[in-house]
Amino acid sequence: MTESYQTFIEQLFIKYAKVNTRSDENSQAVPTTPGQVALAKIVLQDLKRIGVEDVVYDPKDSYVVASLPANTTADITPVGFIAHLDTADFPAENVLPQVHENYDGQDLVLNEEKKIVLRVSEFPNLRNYRGQRLITSDGTTLLGVDDKAGIASILTAVKYLLEHPTIKHGPVSFAFGPDEEIGRGAKRFDVSKFKVKFAYTLDNGLPGQLENETFNAAQAKIKIKGTSVHPGNAFGLMVNAITLANQIISLLPADEVPEKSCGHQGFFLVTDFKATIAQADLNIIIRDFDQQKFAAKKELLQQIVTDLNQQFERPRINLELKDQYFNIGDAIQQHPYITELVLNVYHKLGLKTQIHPFRGGTDGNFITAKGIPTPNLFNGGENFHGPYEFVTTEAMLTTSKTVVEIIKEHAQNDRFEA
């Protein structure tokens, strides 16, 4: 891709990064924040501006879906690409992207006034980006690489395909949806308008990574009812909800936590703990790649609550346990071509291939469950969900080139079997 595409993708990303699209788990609106609607409409107009004729925004699920028709008579299986509009639960108002041209691989002062520094000692991968155009925030907000880099990369790929009609391809669709970070957007996605047989998300990850497995995930919401009385008269009367909450946490496996697990190992994570003597609220997420181990973790928590409740004349602890999403691995394995296609393209582009389990979830979990197998590729950024998030223009271009090459390779060697 020429220098004009570098300018295009960088300007596009910076424009998107400035829109506050932080999703809100406490909101029941669709989508949960108005900034996501604003960005969806910007993306819609940008797709039209570069020449996409078949593009729509559906307010029912807040998805933008764009399609390119086949430009060949060959019968090619439709393929899709997906990126999400929202950003994580971290300050995202007044994002100020900074472009560090010809980055020298040294520490970067993001905000001199607040003494916020992006240090190589903390993030040694920075050295990999010497000489590139490195983009950061000013350190007071996230940047929005997750997943605005994915959006910008897709639009750049679409622009390239439209401007190079000699590249033959089959039907291709692109979807941009809300509320991925809180696991809601793709649940609502009406895939009947996304007419593909398989797809790829462009979410977190470095060039050359492929994530064709994800966690099985559940969330536990625990409410504990205590009895608060004066401590001087508490004997035989007080039931301390704080103590019960701590008991629950102490009975979970001490080593099955995120900070002590990696690879295919699962975990419990207490994400929120609010308590007084009278009332405690505890939120716990449960993750595991293995379906049996996942079930065992849920059963353990249920048993802990049951056993503790038996100490009292009436149940004091209420557990609400809900599955959030399931591992995409089984569905992907049924269609090995989906993985083989990506690996062939990575090889052609000279990317160092890394297949590993995604220790999280993507929109691909819900879309896979709806019958469209959807592993995750990458968006080229690092340090997601915080003030030290960064991406380079060159990495985004690599993402865009990968999309184009997958479409080309698929048109030439389609072996997908439904």
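Residues numbered from 1 in each chain as written. Predicted model: local features only at pLDDT ≥ 70, side-chain atom pairs only at ≥ 80, totals over all residues. Heavy atoms only, no water.

Student: For this particular structure, what's the right way to read the overall build of the chain?
Tutor: Helix and strand counts for the chain stand at 10 helices and 16 strands. Seen through its principal axes, the chain has C-alpha atoms that stretch 85 × 55 × 40 Å. Per-residue burial over the chain gives 54% buried out of 418 residues. Restricting the contact set of the chain to residue pairs at least 6 apart, pairs at least 24 apart contribute 80%. (Helix = DSSP H or I, 4+ residues; strand = E, 2+ residues; numbered from the N terminus. Buried < 20%, exposed > 50% of the residue type's maximum accessible area, 1.4 Å probe, protein only. Contact = heavy atoms within 4.5 Å.)

Student: Teacher, can you tell me more about the sheet that holds strand β4 (residues 98-100) here?
Tutor: One key point about sheets: their strands pair by backbone hydrogen bonds, in either a parallel or an antiparallel sense. Within the open sheet, the 3 strands sit side by side as β4-β7-β16. Their pairing is antiparallel. At either end of the open sheet lies a strand with only one pairing partner, and these are β4 and β16 (390-392). On average, each strand axis in the sheet is tilted by 25 degrees relative to the strand beside it, whichever way the strands run. Summarising the sheet, β4 and strand β7 (residues 134-136) pair through 3 bridges and their orientation is antiparallel. Opposite His100, over in β7, you have Leu134 as the bridge partner. Relative to β16, helix α10 (residues 393-412) is tilted by about 70 degrees, and along the sheet it contacts β7 and β16. (Pairing = 2+ DSSP bridges. Axes fitted to C-alpha atoms, helices over the stretch in contact; angles between N-to-C directions.)

Student: Please explain the sheet that holds strand β9 (residues 198-201) as it appears in this structure.
Tutor: Strand order in this open sheet of 5 strands is β1-β2-β8-β3-β9, and the pairing throughout is mixed. The sheet is open, and its two borders are formed by β1 (54-58) and β9, each paired with just one other strand. Shown here is a sheet whose adjacent strand axes are inclined to one another by a mean of 20 degrees, direction ignored. Here strand β3 (residues 79-84) pairs with strand β8 (residues 172-177) via 6 bridges, running parallel. Bridge pairing links Gly80 to Ser173 in β8. Of the strands in this sheet, β2 (63-68), β3 and β8 touch helix α3 (residues 145-163), which is tilted by about 140 degrees from β3.

Student: I keep staring at the pattern of salt bridges and nothing clicks. Help me out?
Tutor: Side-chain pairs of opposite charge can arise whenever the charged atoms involved come near each other. A complete count under the given rule lists 21 salt bridges for this structure. With a shortest N-O distance of 3.8 Å, Glu313 and Arg316 are connected by a salt bridge. Its relative accessible area of 63% is what places Glu313 among the exposed residues. Accessibility expressed as a relative area gives 6% for Arg316, which makes it buried. One network of salt bridges, in which partners are shared, links Glu10, Glu101 and Arg133. (Salt bridge = Lys/Arg side-chain N within 4 Å of Asp/Glu carboxyl O.)

Student: Before we go on, may I ask you to explain the packing of helix α5 (residues 241-250) against helix α6 (residues 291-309) in this structure?
Tutor: Working note: a packed helix pair is described by the angle between its axes plus the distance between those axes. For the pair α5 and α6, interaxial distance at closest approach is 10 Å and the crossing angle is 140 degrees. In this structure, the crossing between α5 and α6 has a hand that is right-handed. Facing α5, whose interface residues are Leu244, Gln247 and Ile248, α6 presents Leu301, Ile304 and Leu308. In the contact of α5 with α6, the residues fall into 5 nonpolar, 1 polar and no charged. (Left-handed = near helix turned anticlockwise from the far one by under 90°. Nonpolar A, V, L, I, M, F, W, Y, C, P; charged D, E, K, R; others polar.)

Student: Would you explain the packing of helix α1 (residues 3-17) against α10 in this entry?
Tutor: Closest axis-to-axis distance for the α1/α10 pair is 10 Å, and the angle between their directions is 105 degrees. Taken together, the axis directions place α1 and α10 in an arrangement best described as roughly perpendicular. Judged by residue contacts, Tyr5, Gln6, Ile9, Glu10 and Phe13 of α1 engage Thr393, Glu394, Met396, Leu397 and Ser400 from α10. Here the contact of α1 with α10 is composed, by residue class, of 5 nonpolar, 3 polar and 2 charged. (Parallel < 35°, antiparallel > 145°, perpendicular 65-115°, else oblique.)

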